[in-house]
Amino acid sequence: MFLNSLDLPKRPEDTRVIVAMSGGVDSSVVAGLLKQEGYDVIGVTLQLYDHGAAAYRTGSCCAGEDIKDARQVCETLNIPHYVLNYETRFLEAVINPFAESYIHGETPIPCIACNQSIKFTDLLETARELGADALATGHYIRSAVNGAHRALYRPFDTERDQSYFLFATTQEQVDYLRFPLGNLSKAQVRKLAKEMKISVAQKSDSQDICFVLQRRYSDTITRLKPEAANPGHIVHIDGRILGSHTGVLNFTVGQRRGIGIAARDPLYVIHLDAGNARVIVGPREALQIHKIYLRDTNWLGDEDITTFSTYRAKIAAKVRSTRPPCTAILNHDNTGFWVELPNGESGVSPGQACVLYSSKSSQARTLGGGFITHSERIPSSEAMLSRLLT
């Protein structure tokens, strides 16, 4: 059976592909590559928010100038372009949960929620309604045939690895999605954009959280939830009150700078006790985590997750998008799934994702993962924190 470059049994000209175009160079190159190969390409841009300056700053996406950039690229490539207004849906599914999560002392990752609830659910359904055979994006992740399905792998350019943000993609979605940049480096993508005479060839990458202006999460949260800025105490893990703060939402687990207290030895944010408006700090060793408990797990392995977790096989886990994978062991009991980290990890916060891989290799397969509900430290630190919280 003839398969085209997207592993579909049609000639490219008979294959319709929707490209999710954010207005950046990556998705623009995806559209250009598929157009060059002769596919029936349609560009679709989602308008997700319109928050004044946030929609026009460098590093934004899916708003303001980005929509104009996407439209111009589609004109250059001579492909249709549509803009879908998802502002209300984005507010409900991404921005409001982001604010609620921060209020409760978590460190949420709205990019995962956006992929999970908007791009790979709502947009994917729209792509099907338009008769598309696939939905392509500019994410840096590899996808390949795996038996009757497809599997996800870390990309060639590990510095751009976006597999962490895609762990919640379901198998059905993986089978429909295509990621043409998985085998390319960022430098190659920019070179291709220049060759295609695409206007965004040198455009800055989107950075941090798209709807947050100047990385001031607290401003965004207090605008949505004015009651969130409750003052409280900064407390040492040994129980001493060291100072005060103007809101738990101004802190993240692992933070060292900007805590607002002077101390002889370096102190780190160890835990956010949002219910009592307490920021708990301590020495670096108190950040060391050895167990992570998960909720909302998503599994993309070939074998059932419960069966797989009985093997106690050594795999790998990422607890932050910028961290390299570390050795991990997946377990389960009647309360759910949890991950052992034999060599420990630091700065782990509830609300973050723990993404699982087949190994620590740069070519590893993405097996899935879950969101962190809580974690366990070394026994001495765990005992001190437990006494403080009870």
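For the structure, see preceding data.
Below or above, wherever it landed, is the structure these notes cover. All figures in this text were calculated on a predicted structure; none of them were measured in a lab.

Rules of the game
Residues take numbers from 1 onward in each chain, read along the sequence in its written order. The predicted nature of this model means local features are confined to residues of pLDDT at least 70 and side-chain atom pairs, given and counted, to a pLDDT of 80 or more, with totals for whole chains, interfaces and linings taken over all residues. The basis for the side-chain values is all heavy atoms of the structure; hydrogens and waters are excluded. By the criteria applied, helices consist of DSSP H or I runs no shorter than four residues and strands consist of E runs no shorter than two, each listed in order from the N terminus. Using a 1.4 Å probe on the protein chains alone, a residue whose accessible area is under 20% of its type maximum counts as buried, one over 50% counts as exposed, and one in between counts as partly exposed. Should any heavy atoms of two residues lie within 4.5 Å, those residues are considered in contact. His residues and chain termini do not enter the charge count, which takes Lys and Arg as positive and Asp and Glu as negative. Every charge is mapped to an atom, namely NZ of Lys, CZ of Arg, CG of Asp or CD of Glu. Pairing of aromatic side chains requires ring centres within 6.5 Å, counting the rings of Phe and Tyr and the six-membered ring of Trp. Pairs whose planes differ by under 30 degrees are stacked, by over 60 edge-to-face, and all others tilted. The criterion is that NZ of a Lys, or CZ of an Arg, lies within 6 Å of the ring centre and within 35 degrees of the ring normal, and then a charge sits over that ring. DSSP bridges decide pairing: two strands pair if at least two such bridges lie between them. Lines are fitted to the C-alpha atoms to define the axes, a helix being fitted only along its stretch in contact, and any angle between axes, read from their N-to-C directions, falls within 0 to 180 degrees. Nonpolar cores are built from buried Ala, Val, Leu, Ile, Met, Phe, Trp, Tyr and Cys residues. Side-chain atoms within 4.5 Å join them into one set. The length a helix should cover is 1.5 Å for every residue beyond the first. To obtain the arc, one takes the directions from the helix axis to the C-beta atoms.

**Points about the overall build of the protein**
So, point 1. When helices and strands are counted, the protein shows 9 helices and 17 strands.
So, point 2. Each principal axis of the C-alpha distribution contributes one length, and for the protein these read about 70 × 50 × 35 Å.
So, point 3. Burial statistics for the protein: of 390 residues in total, 54% are counted as buried.
So, point 4. For the protein, contacts bridging at least 24 residues in sequence account for 65% of all contacts bridging at least 6.
So, point 5. The averaged location of the 42 negative side-chain charges in the protein is 6 Å from the averaged location of its 42 positive side-chain charges.

**Re the side chain of glutamine 173**
So, point 1. Within the secondary structure layout, glutamine 173 lies in helix H5 (residues 171-176).
So, point 2. Among the residues examined, glutamine 173 registers a relative accessible area of 12% and is labelled buried.
So, point 3. Residues in contact with glutamine 173, not counting those within four places in the same chain, are Phe120, Thr121, Leu124 and Ala168.

**Some points on the packing of aromatic side chains**
So, point 1. Counted under the stated rule, the structure contains 6 aromatic pairs.
So, point 2. Seen from their ring centres, tryptophan 299 and phenylalanine 308 are 5.1 Å apart, and the 45 degrees between their planes marks the pair as tilted. Both residues of the pair, tryptophan 299 and phenylalanine 308, belong to the buried class.
So, point 3. For arginine 128, the ring lying beneath its charged end belongs to tyrosine 176, and the centroid distance is 4.1 Å.
So, point 4. The ring of tyrosine 357 is capped by arginine 154, whose NZ or CZ atom sits 6.0 Å from the centre of that ring.

**A short note on the sheet that holds strand S2 (residues 40-47)**
So, point 1. Taken together, 5 strands build an open sheet; the order of strands is S3-S2-S1-S4-S7 and the sheet is parallel. At either end of the open sheet lies a strand with only one pairing partner, and these are strand S3 (81-85) and strand S7 (177-178).
So, point 2. Against the sheet, helix H2 (residues 65-77) touches S2 and S3, its axis set at about 160 degrees to S3.

**Details of the sheet that holds strand S11 (residues 278-282)**
So, point 1. Read from one edge of the open sheet, 4 strands run S9-S8-S11-S10, paired in mixed fashion. Every interior strand has two partners, whereas the edge strands, strand S9 (241-245) and strand S10 (268-273), have only one. Ignoring strand direction, the axes of neighbouring strands in this sheet form an average angle of 30 degrees.
So, point 2. Sheet topology note: the strand S8 (residues 232-236)/S9 ladder contains 4 bridges and is antiparallel. Residue pairing across strands places isoleucine 234 opposite glycine 243, the latter belonging to S9.
So, point 3. The sheet strands contacting helix H9 (residues 379-389) are S8, S10 and S11, and the helix crosses S11 at an angle near 160 degrees.

**So, unusual backbone geometry**
So, point 1. Even without being a glycine, lysine 197 presents a positive backbone phi close to 60 degrees.
So, point 2. By the element assignment, lysine 197 lies in the loop between helix H6 (186-195) and helix H7 (217-224).
So, point 3. The phi angle at arginine 312 is positive, at roughly 50 degrees, despite the residue not being glycine.
So, point 4. Following the sequence through the fold, arginine 312 ends up in the loop between helix H8 (305-309) and strand S13 (314-318).

**Some words on the nonpolar core**
So, point 1. Judged by nonpolar contacts, the single largest core of 30 residues is most densely connected at Leu48, Phe90, Ile118 and Leu135.
So, point 2. When residues of this core are traced back to their parent elements, those giving at least two are strand S1 (16-20), S2, helix H3 (87-103), helix H4 (110-129) and H5.
So, point 3. Here the element with the most residues in this core is H4; it accounts for 7 residues.
So, point 4. Counting residues in each nonpolar core, the second largest holds 29 residues, with Leu6, Ala70, Leu77 and Ala136 among its members.

**Examining the pairing of strand S16 (residues 353-357)**
So, point 1. Burial runs high along S16: 5 of the 5 residues are buried.
So, point 2. Every second residue of S16 is oriented toward a common face, with Ala353, Val355 and Tyr357 on one face and Cys354 and Leu356 on the other, all of them buried.
So, point 3. For S13 and S16, the ladder comprises 3 bridges, and the chain directions are antiparallel. By the bridge assignment for S16, alanine 316 is matched with tyrosine 357.
So, point 4. Note that S16 and strand S17 (residues 366-377) share 5 bridges and pair antiparallel. In the strand pairing of S17, valine 355 is matched with glycine 369.

**Notes on the environment of arginine 150**
So, point 1. Tracing the sequence through the fold places arginine 150 in strand S6 (residues 149-153).
So, point 2. Residue classification places arginine 150 among the buried residues on the basis of a relative accessible area of 6%.
So, point 3. Spatially, the C-alpha atoms of arginine 150 and threonine 45 are 25 Å apart, while their sequence positions differ by 105 residues.
So, point 4. Arginine 150 has contacts with Leu6, Asp7, Ser143, Ala144, Val145, Gln171, Val174, Asp175, Leu177 and Arg178, leaving out every residue within four places of it along the chain.

**Brief notes about H2**
Each turn of an α-helix holds 3.6 residues, which means side chains three or four residues apart point in the same direction.
So, point 1. For H2, spanning 13 residues, the distance from its first C-alpha to its last is 18 Å, which sits close to the expected 18 Å at 1.5 Å a residue.
So, point 2. Asp66, Ile67, Asp69, Ala70, Val73, Cys74 and Leu77 are the residues of H2 that are buried. Seen end-on, H2 carries its buried residues on one side only, within an arc spanning 160 degrees.
So, point 3. Next to the buried residues of H2 lie helix H1 (25-36), S2 and S3.
So, point 4. One or two steps after H2, the chain reaches asparagine 78, where phi turns positive at roughly 60 degrees.

These figures capture arrangement, not role.
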